[in-house]
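Observations on chain architecture
For reference, the chains in residue letters:
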There are 2 protein chains.
Amino acid sequence: MNARNAIDDERWMRQALALAESVMYITAPNPRVACLIVRDGQLLASGATQVAGGPHAEVMALRQAAGRGLDAAGATVYVTLEPCSHYGRTPPCADALIAARPARVVVAMRDPNPLVGGQGIAKLRAAGIEVTTMVCAAQALALNPGFVARMTRKTPWLWLKLAASLDGRIALDNGQSQWITGPAARADGHHWRARSCVVLTGSGTVRADDPQMNVRHVDTARPPAKAIIDTRFEVDENARIFDGTKTWVFTKLSDKAKAARLADRNVQVVEMPASGGRVDLPSVMRWLGEHEVNEVHVEAGSRLSGALLQAQCVDELLVYTAPVLLGPGMGMACLPALEDLAQAQRFEFIDTQSVAPDLRLRARHIERWKALLQTVQTGNIE
Amino acid sequence: MNARNAIDDERWMRQALALAESVMYITAPNPRVACLIVRDGQLLASGATQVAGGPHAEVMALRQAAGRGLDAAGATVYVTLEPCSHYGRTPPCADALIAARPARVVVAMRDPNPLVGGQGIAKLRAAGIEVTTMVCAAQALALNPGFVARMTRKTPWLWLKLAASLDGRIALDNGQSQWITGPAARADGHHWRARSCVVLTGSGTVRADDPQMNVRHVDTARPPAKAIIDTRFEVDENARIFDGTKTWVFTKLSDKAKAARLADRNVQVVEMPASGGRVDLPSVMRWLGEHEVNEVHVEAGSRLSGALLQAQCVDELLVYTAPVLLGPGMGMACLPALEDLAQAQRFEFIDTQSVAPDLRLRARHIERWKALLQTVQTGNIE
């Protein structure tokens, strides 16, 4: 009999979550998942989800156990996401687990995929396996907010990266913005690009800075796509951002010849409905969700940042703050004046990290996070 | 023989520094100092400086030892500041220590008081006592930056308290500023008022908010003085800030009748030279230094905050940041536009603290801190 107390369960699940973090950059559009097989307080085997099309975490762990001449019969299996019950790119993990006959399966969070939605857990129980759920659910969600967002609300999880002075300036009045924050903050930013499915910017930033918007300082086998909001399709075809990586240009105007030329550089021009004279941003988010984008990393000027905030598209703020006051300059986000403080969108600080000499502050949209947490916590699964 | 290795010395000194913190609010204009008497790895007695005119830390510790029937002969004494060698309000602590005949005295930092300046240490050595210096000097300075600043550069240590949104707004365009940050941040701010010698604000803030600028939420037997920068002496005599606590009004205009009426409320009106049409702020800082002010806590509007920054009077930023973006609004500090980022005054983050839902960020002026650290570290004392 395995130790079944909640402290042990939480300890093993935290170890599983740490393992799932190790595949942060490679699993998209699949979620980052890990699985541990434990017996009598000993770890028999572990595994994490591989690149899309490759084996899921449960199968990796069962294979490792088999490779060691061990099996999972009677053991406890910890998995950071409900085992899948459907045929996707791979066969259902719930079936693989049932075949391995563990005594118990501990699941961090329910699979928000409507094709699974509690059925993986139900299948295990129907096979006589004890299932414990909701162990470290919030931490498990924090690993995969984009996957959960895409499965439930049909749009990705979006974070807005900002690099600013303590008084909220992203550039001087004369336009100088390189560099308010230091090399450590910039390198850290590349980790966030690397974990995203797409790095999104605006045509104004492409024009002003001609950025590459690629991943440097981080090894990744799966570079994120790039995307540009370019209402009037004015982007320079020779901009450095077009480096052969899959790139989407969202625009409200069509120019077939220009689009065809860009197609040769792996650029897809997508016509979008307009609202208020510019590309409708919620439509872009839905389009990205339909195209298997889990997480969007935004690095843009204050106009696009402000427009995304106003369109209620920003789920998280990723702010690098430099210990300096600049006075006049460009603000973080162009927003309309509020009449009352109570009208402001509320975020909550979730993490503070030194990236000396700067600080990295993360803040999450309170309501949108709560909505996701509810979808992975509730349901007819107990 | 006592253990003399550096790790032990540092451990005891940290304990002494923690004890010195316990008298944070009461010792001004004296520094916060603590003293431990240790023999064979055991703490015999300890003491911390009392209110001004009361005994210093060394005397408190020696008295406690005597009260326990113990003496310091042959022991090691840890003291967070060089023992004084002069007659001030009390007799020299160096003499008291010499009479107690410890084998060794460990000193965190040199006394910046020109009346001491290494002579306390010299006296101990001349009496045959071994002295070790510079143990945790930076931490010791951090407890008393104001005392050291006043003794060396003749002006207090000044921190600027700011409460702002993530995008650096201290108020909406319509003037609404209560409350961008929450109750925990406001309560924390009162600890910083309590440790200061004077809470400084501007006449604009007094007119706009009619603040009390007193200490609440913190028990203190020594309320700080208050001060107002009021160039044209326009302050309302019935403002709530005039509550009988010692208050200074710095102005460039005189109005003897008004000054006389305010004197009845413990208000001293001080005429100051002007520069650029307003009260010269470096002159105010020198005046405060002459009047035994160690630490200045500033809560003001963006005009006075900006003027203090421009006048190179701000040693530290104490920023409470709310997880919200406000867009248009009043900035943290009115400053002239920079031509180049390199012109900005550089601070360094020294502490980040959650005051949920907000964050407290502290940043220290790099050069001015280094200058103080040098004065307590160097000198003819080894």
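These figures come from a predicted structure and were not determined experimentally. (Residues numbered from 1 in each chain as written. Chains lettered and ligands numbered in written order. Predicted model: local features only at pLDDT ≥ 70, side-chain atom pairs only at ≥ 80, totals over all residues. Heavy atoms only, no water.)

1. A few points about the relation of the copies chain A and chain B
Mapping chain A onto chain B leaves a residual RMSD of 0.0 Å; the transformation is a rotation of 180° accompanied by 0.0 Å of translation along its axis. In symmetry terms, the pair is related by a two-fold rotation axis. No C-alpha of chain A lies nearer the rotation axis than that of Gly168(A), which sits 2.4 Å from it. (Least-squares fit on C-alpha atoms with pLDDT ≥ 70 in both.)

2. Brief notes about the interface of chain A and chain B
The extent of an interface is frequently quoted as the accessible surface area lost upon association of the parts. Each partner contributes to the interface: chain A provides 44 residues, whereas chain B provides 44 residues. With both chains or domains summed, chain A and chain B bury close to 3500 Å², and 70% of this area falls on carbon and sulfur atoms. It is Leu325(A), Leu341(A) and Phe349(A) in chain A that bury the most area against chain B; as a group they hold 21% of the surface buried on that side. Our enumeration of links across chain A and chain B arrives at zero salt bridges. Where the side of chain A that touches chain B is concerned, the elements lending two or more residues are β7 (169–172), β15 (316–322), β17 (347–355) and β18 (358–365) of chain A. When grouped by side-chain class, the residues that make up the side of chain A that touches chain B number 27 nonpolar, nine polar and eight charged. (Contact = heavy atoms within 4.5 Å. Buried area = accessible area lost by both parts, 1.4 Å probe. Salt bridge = Lys/Arg side-chain N within 4 Å of Asp/Glu carboxyl O. Helix = DSSP H or I, 4+ residues; strand = E, 2+ residues; numbered from the N terminus. Nonpolar A, V, L, I, M, F, W, Y, C, P; charged D, E, K, R; others polar.)

3. Brief notes about the packing of aromatic side chains
In total, this model carries ten aromatic pairs over all chains according to the counting rule given. Consider the rings of Trp157(A) and Trp369(A), whose centres lie 6.1 Å apart with planes at 70°: the pair is edge-to-face. With Trp157(A) in strand β6 (residues 157–165) and Trp369(A) in helix α12 (residues 366–377), this residue pair connects regions lying 212 residues apart in the sequence. The exposure class assigned to Trp157(A) is buried, which follows from its relative accessible area of 0%. Each ring, one from Trp248(B) and one from Trp287(B), has its centre 5.2 Å from the other, and the planes form 75°; the classification is edge-to-face. Pair noted here: Trp248(B) is in strand β10 (residues 247–251) and Trp287(B) is in helix α10 (residues 281–290), with a separation of 39 residues, a long-range link. Neither residue differs from the other here; Trp248(B) and Trp287(B) are each classed as buried. Through a chain of ring-to-ring contacts, the aromatic side chains of Trp248(A), Phe250(A) and Trp287(A) assemble into a single cluster. One Lys or Arg, Arg11(B), reaches over the ring of Trp12(B) and ends 5.0 Å from the middle of that ring. (Phe/Tyr/Trp six-rings, centres within 6.5 Å; stacked < 30°, edge-to-face > 60°. Buried < 20%, exposed > 50% of the residue type's maximum accessible area, 1.4 Å probe, protein only. Lys NZ or Arg CZ within 6 Å of the ring centre and 35° of its normal.)

4. Brief notes about the nonpolar core
Judged by nonpolar contacts, the single largest core of 88 residues is most densely connected at Phe250(A) and Phe250(B). Each residue touching Phe250(A), except ones within four places of it in the same chain, is listed here: Ala227(A), Ile228(A), Ile229(A), Asp230(A), Thr231(A), Val270(A), Met272(A), Val279(A), Val284(A), Trp287(A) and Leu288(A). (Core = buried A, V, L, I, M, F, W, Y, C linked by side-chain atoms within 4.5 Å.)

5. Things to note about the UniProt feature "binding site: NADP(+)" (unreviewed entry) in chain A
Residues and elements named next belong to chain A. With numbering aligned to this structure, UniProt lists the feature "binding site: NADP(+)" (unreviewed entry) at Ala163, Trp179, Thr205, Asp209, Thr231, Gly301, Ser302, Arg303, Leu304, Ser305, Gly306 and Ala307. A stretch of 145 residues holds the annotated residues, and the largest C-alpha distance among them is 27.9 Å, long enough that they do not meet in one place. Along the chain, Thr205 falls in helix α8 (residues 203–209). On the basis of relative accessibility, which here comes to 14%, the residue Thr205 falls in the buried class. Other than its neighbours up to four places away in sequence, Thr205 contacts Asp210, Pro211, Met213, Ala300 and Gly301. Relative to the assigned elements, Asp209 resides in helix α8. (UniProt positions renumbered as here; feature names shortened; annotations may be inferred.)

6. Some words on the packing of helix α3 (residues 93–100) of chain B against helix α4 (residues 119–126) of chain B
All names here are of chain B. Direction vectors running N to C along α3 and α4 enclose 20°, while the axes themselves pass 9 Å from each other. The angle between α3 and α4 falls in the class roughly parallel. At the point where α3 passes α4, the crossing takes the right-handed sense. The segment α3 lies against α4, with Ala94, Asp95, Leu97 and Ile98 engaging Gly120, Lys123 and Leu124. Along the lines of polarity and charge, the residues of the contact of α3 with α4 split into four nonpolar, one polar and two charged. (Axes fitted to C-alpha atoms, helices over the stretch in contact; angles between N-to-C directions. Parallel < 35°, antiparallel > 145°, perpendicular 65-115°, else oblique. Left-handed = near helix turned anticlockwise from the far one by under 90°.)

7. As for the pattern of salt bridges
Applying the stated criterion across every chain, the model contains 34 salt bridges over all chains. Glu299(B) is the partner of Arg193(B) in a salt bridge, and the nearest nitrogen-oxygen pair spans 2.7 Å. With Arg193(B) in helix α7 (residues 183–195) and Glu299(B) in strand β14 (residues 295–299), the pair connects residues that are 106 residues apart, well separated along the chain. By the burial criterion, Arg193(B) is buried, and Glu299(B) matches it. Between Asp315(B) and Arg368(B) there is a salt bridge; the shortest N-O distance is 3.0 Å. With Asp315(B) in the loop between α11 (302–310) and β15 (316–322) and Arg368(B) in helix α12 (residues 366–377), this pair connects stretches of sequence that are 53 residues apart. The burial state of Asp315(B) is the same as that of Arg368(B); both residues are buried. Here the salt bridges do not stand alone but share partners, grouping Arg32(A), Arg195(A) and Glu295(A) into one network.

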